[in-house]
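What follows is the residue order along each chain.
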Amino acid sequence: MAANADFHYDRAKEVKQFDESKIGVKGLVDSGITTIPRFFIHPTETISDLKSSNPFGSHSIPVISLSGDRSSVVDQIRRASAEFGFFQIINHGISTDVLDRAVAAIRAFNEQPTEVKAQYYRRNTETGVAFSTNFDLYHSKAASWRDTLQVRLGPTPPEFDKMPEVCRREVMEWDREMVRLGEAVMEMMCEGLGLDAGRLKELTCLEGRIMASHYYPYCPQPELTVGLSSHTDPGVLTVVLQNQVGGLQVKHDGAWLDLNPIPGALVINVGDMLQIMSNDEYKSVEHRVAGNPCREARVSIAVFFNPGDRDSLFGPLPELISAEKPAVYKSFTFSEFMTRFFTKELDGKSLINFFKQSN
């Protein structure tokens, strides 16, 4: 479609019209479309390998029970963070009711009439609440088939009544659970590196929290697009709650593995900042979401843990630097790091590579 494409196609104009309509991809589906707009179509090289390489689960992403012996759990988390960059946790202490309420509230937000959601549709996030289709819509080569409600949870949460009424209580309840769980997981990740358990908390890594709730409606041509392009997460740690509609894939040893939903489980993944601070002991890895072929929407709620301190210098932790293992990365402020992230499209590991020490 690219080489002999219609000479008169104005992609920028079509993207702008879609964005200004504020209907999101859910609105496109509701309108009854049977073919997706052209700016959602990805090049063949991006989508040719969308089928997972592990149909029989030969390399499955680790599933870790937090109720086991602590030293064993720490060791499992350390190995999963170093080898896969991803793992699922069960027996984490959050009740099924709370999980179900969070997913139902995000689904309810996205399934409201367009005119109700449209009041939150915006590209700037100054109010702390923003609904949009693809934060990188204007930067990316092709758009992804999902809508996102983003809420800044910390260090300064938005005013309660500025959040959508249909999900505000559930979002705040979920944040309380995430602070507790995030601290527990970070402590075990620190112990796995031989650090003091509270080291990441001391570096304000629990404070800068952002929730990105993704809604992936049915896609009439899932073989032509993706729900979320391949990328790594920029922050320290990400905790994801997903419903039972699959689609998340993780890159491991050059192959894409399906991360199949487990009822009651949460997905944890290492972000670029933690790979940098661990001096490459832990790995942030590329992941993506396939276009949704199911009539039921895929719902996922990701909470990104970032430093609350945006102006101090971050880099490999001094305790993890030695003559045998010198610092792999330069130091930088988190503000500088995120400015770079938001001025480019999602694409693999280009962000982390930018901050590597020059040879």
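Residues numbered from 1 in each chain as written. Predicted model: local features only at pLDDT ≥ 70, side-chain atom pairs only at ≥ 80, totals over all residues. Heavy atoms only, no water.

Chemist: Is there a simple way to think about the layout of surface pockets in this case?
Modeler: Its boundaries defined by the atoms lining it, the largest pocket holds a volume of some 1,100 Å³. Looking at the lining of the largest pocket element by element, the count peaks at 6 residues for strand β5 (residues 208-216). (1 Å grid on protein atoms, 1.4 Å probe; cavity = no way out; pocket = protein on both sides within 12 Å on 5 of 7 lines; lining within 4 Å. Points joined across faces, edges and corners; volume = space filled by probe spheres on them. Helix = DSSP H or I, 4+ residues; strand = E, 2+ residues; numbered from the N terminus.)

Chemist: Before we go on, may I ask you to explain the packing of aromatic side chains in this structure?
Modeler: The description of two aromatic rings rests on the distance between their centres and on the angle between their planes. Here the structure, examined in full by the defined rule, presents 13 aromatic pairs. Summarising the aromatic geometry, the rings of F18 and F39 are spaced 5.5 Å apart at their centres and angled 50 degrees between planes, so their arrangement reads as tilted. With a gap of 21 residues between them, F18 in helix α1 (residues 11-21) and F39 in the loop between α2 (24-30) and α3 (44-47) connect regions that are remote in the sequence. The burial state of F18 is the same as that of F39; both residues are buried. Look at Y121 and F131: their rings are 5.6 Å apart centre to centre, the planes differ by 85 degrees, and that puts the pair in the edge-to-face class. Of the two residues, Y121 is situated in the loop between α6 (114-118) and β3 (129-132) and F131 in strand β3; the sequence distance between them amounts to 10 residues. On the basis of relative accessibility, which here comes to 0%, the residue F131 falls in the buried class. A cation over an aromatic ring shows up here: R288 above the ring of W256, its NZ or CZ 3.9 Å from the ring centre. Above the ring of F354, the side-chain terminus of K330 is found at 5.4 Å from the ring centroid. (Phe/Tyr/Trp six-rings, centres within 6.5 Å; stacked < 30°, edge-to-face > 60°. Buried < 20%, exposed > 50% of the residue type's maximum accessible area, 1.4 Å probe, protein only. Lys NZ or Arg CZ within 6 Å of the ring centre and 35° of its normal.)

Chemist: Honestly, the UniProt feature "domain: Fe2OG dioxygenase" (unreviewed entry) in the protein in this entry has me stumped. Any pointers?
Modeler: As annotated by UniProt and renumbered to match this structure, "domain: Fe2OG dioxygenase" (unreviewed entry) occupies residues 201-307. A helix fraction of 7% and a strand fraction of 45% characterise residues 201-307, whose end C-alpha atoms lie 9 Å from each other. (UniProt positions renumbered as here; feature names shortened; annotations may be inferred.)

Chemist: For this particular structure, what's the right way to read the sheet that holds strand β9 (residues 255-258)?
Modeler: Strands in a sheet are paired, the pairing made by backbone hydrogen bonds, and the direction either parallel or antiparallel. Spatial strand order, β6-β11-β8-β9: 4 strands in an open sheet with antiparallel pairing. The open sheet has two free edges, formed respectively by β6 (226-231) and β9, since each of these has just one partner strand. The mean inter-strand angle of the sheet, taken between neighbouring strand axes irrespective of direction, is 30 degrees. Relative to strand β11 (residues 287-290), β6 is paired through 3 bridges, and the arrangement is antiparallel. Across the sheet, residue V226 finds its bridge partner in β11, namely A290. (Pairing = 2+ DSSP bridges. Axes fitted to C-alpha atoms, helices over the stretch in contact; angles between N-to-C directions.)

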